Amino acid sequence: MHIAEGYLPPVHAAAWSVAAAPFVIHGVRALNREVKAHPESTLLLGASGAFTFVLSALKIPSVTGSCSHPTGTGLGAILFRPPIMTVLGTITLLFQALLLAHGGLTTLGANAFSMAIVGPWAGYGVYRLLRRSGVPLMVSVFFGAFVADLSTYCVTSVQLALAFPDPSSGFLGALAKFGGIFAVTQIPLAVSEGLLTVLVMRLLIQSSKGELTRLGVLLSGGRGAKDATGTEGTTAATGAAGEQDGTKEAVAR
Amino acid sequence: MLPIDAAAHSSRWRRRHPCEKAVLGLGLTLCAVSLPAWPGAPLVAAATLAVLLGPAGVAPRGLWRAFRIPLGFCVTGAVPLLFQVGGAGGFVSLAPDGPVHAGQLLLRTSAASLGVLLFAFTTPVSDVLPRLVRAGVPAPVVDVALVMYRIGFLLLDTVARVRQAQAARLGLAGRAATWRSLAGLAATSFVRAFDRAARLQSGLAGRGYDGTLRVLVPRAEISRPFLAATGALLAGLVALTLVLERFLS
């Protein structure tokens, strides 16, 4: 999924870096505001980033028989929101390039655009849309992670097709070629990541309610809390956590 | 610790200023990407290998282990260029210049990856991050990256141990068990990460934490002879590539 070092022509590498820059700057500003308001958040955000880094190192079984690793962008965006996830994802990509020889520095902008920007925003958008429509939490989490993973690969296919248009059919042919190659492994992997994210979220609701509440994923519904969309938070009916243990909780976002 | 970072901490060039190594490693990478793949990339790759195995003193075995990862990506990434979609040859056929383009891409990515590895094998991330503040990166971002770097290794150790324990309890014996174990592993990482952050926060609060993480950075002076040699090497590579390209064409 990571575009390797030197794979993109210099102009493309520079262009994708320029395209990613506004989102990264927006994320950095959000992070700055958060840290200024709550200095102790530095450690929490660092822990969140480390979790993202470790999550992307987990091997998940693929339908094709091989193994791959989750992007972690869907879960990250749901837990930490897309602007913060953009910064954490970019730092994670930098660490992967320097510590694991995975990805690259000249391709950091392109990889950040697909994995740290489009993936989190698309996944989070779908998650929010489904939650607003009253879709159950775990279904929303599944589709959020699924779309985040798949959109990452779609953007990577576009990036590769733009860099290497097909000699016969141009950009569209190259898009079909790269997209077709990715589809064989990535659609099953996106399903796998969605399932894994649901399992992880279920465990987190059981074991880390305090952290999820602090992150704003869960709110205490008994106090009439409002969710991030501005709608009145409901009680256990809206959250799987509440359904599981009988406590009054609402899913904030 | 990850092998590349462990090698960087014990590197012969550890005490050199990261700026010097960045100019050399990233300069070679930029040369690999910008110069014509033939003959530029082989020349850059040869020069980088000579520096890595010579003055930088990187162990060949460790270098190969790290290099084979990007090499695998380079090879699989070059394969699609061998084919074309549509045209007279059918829906999918061999591209006329496919082998040439794939070969050039393979050379370019291999040489560029070696340049980054030169920087990574000689410069620990912990030496680079604190200096980024001077380069204009906002301090909170650097602080978050520092915490990520330090907690990340501990989490990776935890993940390895938990996975070992899961395997010993037949947690990876079947597909369903593997999924359960993986979910448990990810959830455990989350819990451990936040637990460690909370304990770090308590410890730092007791020491007057004001939101800034101050760390000691080993002092190092930028060596002008090193930078001059780097400039000469890069200029020589550019000149040699352009001369050879004319000669070969």
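Residues numbered from 1 in each chain as written. Chains lettered and ligands numbered in written order. Predicted model: local features only at pLDDT ≥ 70, side-chain atom pairs only at ≥ 80, totals over all residues. Heavy atoms only, no water.

Per an unreviewed UniProt entry, chain B is named Cobalt ECF transporter T component CbiQ, and its organism is Streptomyces pyxinae. Quoted verbatim from the Subcellular location (unreviewed entry) field of UniProt, the annotation for chain B is "Cell membrane". (UniProt positions renumbered as here; feature names shortened; annotations may be inferred.)

An unreviewed UniProt entry annotates chain A as Cobalt transport protein CbiM of Streptomyces pyxinae. Per UniProt, the comment on chain A under Function (unreviewed entry) is "Part of the energy-coupling factor (ECF) transporter complex CbiMNOQ involved in cobalt import." What UniProt states about chain A under its Sequence similarities (unreviewed entry) heading is, verbatim, "Belongs to the CbiM family."

A separate point is the UniProt feature "transmembrane region" (unreviewed entry) in chain B. Residue and element names in this part refer to chain B. The UniProt entry lists residues 70-93, 137-156 and 226-244 under the feature "transmembrane region" (unreviewed entry), expressed in the numbering used here. The span residues 70-93 is 38% helical and 21% strand by assignment, and the distance between its end C-alpha atoms comes to 27 Å. Structurally, residues 226-244 comprises 100% helix and 0% strand, and the distance from its first C-alpha atom to its last is 27 Å. (Helix = DSSP H or I, 4+ residues; strand = E, 2+ residues; numbered from the N terminus.)

Here we take up the confidence of the model for chain A. Residue and element names in this part refer to chain A. Considering every residue of chain A, the mean pLDDT works out to 80; 82% of them sit at 70 or more. Mean pLDDT values over the elements of chain A span from 38, in helix 9 (residues 240-245), up to 94, in helix 5 (residues 108-132). The low-confidence segment residues 62-66 (pLDDT under 50) makes eight contacts with residues lying over four places distant or belonging to another chain. Predicted confidence for residues 222-253 stays below pLDDT 50, and this span has 79 contacts to residues more than four positions away or in other chains. (pLDDT = per-residue confidence, 0-100. Contact = heavy atoms within 4.5 Å.)

Within the fold, Gly25(B) resides in helix 2 (residues 18-34). Separated by 90 residues in the primary sequence, Gly25(B) and Gly115(B) place their C-alpha atoms 4.7 Å from one another.

All names here are of chain A. Following the sequence through the fold, histidine 2 ends up in the segment before helix 1 (10-37). Of note is the side chain of histidine 2, whose polar atom sits 2.7 Å from the side chain of glutamine 96. In contact with histidine 2, other than residues within four places in its own chain, are His69, Leu93, Gln96, His102, Gly103, Asn111 and Met115. (Polar contact = N/O pair within 3.5 Å; in protein donor to acceptor, adjacent residues only side chain to side chain.)

Let us look at helix 1 of chain A. Helical geometry note: an α-helix holds 3.6 residues per turn, so side chains three or four residues apart project in the same direction. Taking 1.5 Å as the rise per residue, helix 1 of chain A with 28 residues should run 40 Å; its terminal C-alpha atoms sit 39 Å apart, in good agreement. At Ala21(A), helix 1 of chain A shows its strongest bend, of approximately 35°, with the proline Pro22(A) following within four residues. Listing the buried residues of helix 1 of chain A in full gives Ala13(A), Trp16(A), Ala20(A), Gly27(A), Val28(A), Ala30(A), Leu31(A), Asn32(A) and Val35(A). Close packing links the buried residues of helix 1 of chain A with helix 2 (41-55), helix 4 (82-99), helix 5 and helix 6 (137-163) of chain A together with helix 7 (139-168) of chain B. (Expected span 1.5 Å × (residues − 1). Bend = angle between axes of the 7 residues up to and from the residue. Buried < 20%, exposed > 50% of the residue type's maximum accessible area, 1.4 Å probe, protein only.)

Here we take up the packing of helix 2 of chain A against helix 7 of chain B. Look at helix 2 of chain A against helix 7 of chain B: their axes get within 7 Å of each other, and the N-to-C directions meet at 45°. Classed by the angle they form, the pair helix 2 of chain A and helix 7 of chain B counts as oblique. You can see that helix 2 of chain A and helix 7 of chain B cross each other, and the crossing is right-handed. Each of Thr42(A), Leu43(A), Leu45(A), Gly46(A), Ala47(A), Gly49(A), Ala50(A), Phe51(A), Phe53(A) and Val54(A) in helix 2 of chain A lies in contact with helix 7 of chain B, whose residues at this interface are Asp143(B), Val144(B), Val147(B), Met148(B), Ile151(B), Gly152(B), Leu155(B), Leu156(B) and Val159(B). Grouping the constituent residues of the contact of helix 2 of chain A with helix 7 of chain B by class yields 14 nonpolar, four polar and one charged. (Axes fitted to C-alpha atoms, helices over the stretch in contact; angles between N-to-C directions. Parallel < 35°, antiparallel > 145°, perpendicular 65-115°, else oblique. Left-handed = near helix turned anticlockwise from the far one by under 90°. Nonpolar A, V, L, I, M, F, W, Y, C, P; charged D, E, K, R; others polar.)

The next point concerns the UniProt feature "transmembrane region" (unreviewed entry) in chain A. Residue and element names in this part refer to chain A. The sites that UniProt annotates as "transmembrane region" (unreviewed entry) are residues 41-58, 79-102, 108-127, 139-161 and 181-205. What you have in residues 79-102 is 83% helix and 0% strand, and the ends, taken at the C-alpha atoms, are 25 Å apart. Each end of residues 181-205 is marked by a C-alpha atom, and these two atoms are 36 Å apart; helix forms 100% of the span and strand 0%.

Attention shifts here to unusual backbone geometry. Here the bond from Trp38(B) into Pro39(B) is cis, since omega is 10°, no more than 30 degrees from zero. Within the element layout of this structure, Pro39(B) appears in helix 3 (residues 37-53). Positive phi, close to 75°, is recorded for Arg81(A), a residue that is not glycine. Checked against the element boundaries, Arg81(A) lands in the loop between helix 3 (73-80) and helix 4. Residue Arg81(A) is classed as partly exposed on the basis of its relative accessible area, which comes to 36%. At Ala101(A), a position not held by glycine, the phi torsion is positive, near 55°. As for its position among the elements, Ala101(A) is in the loop between helix 4 and helix 5.

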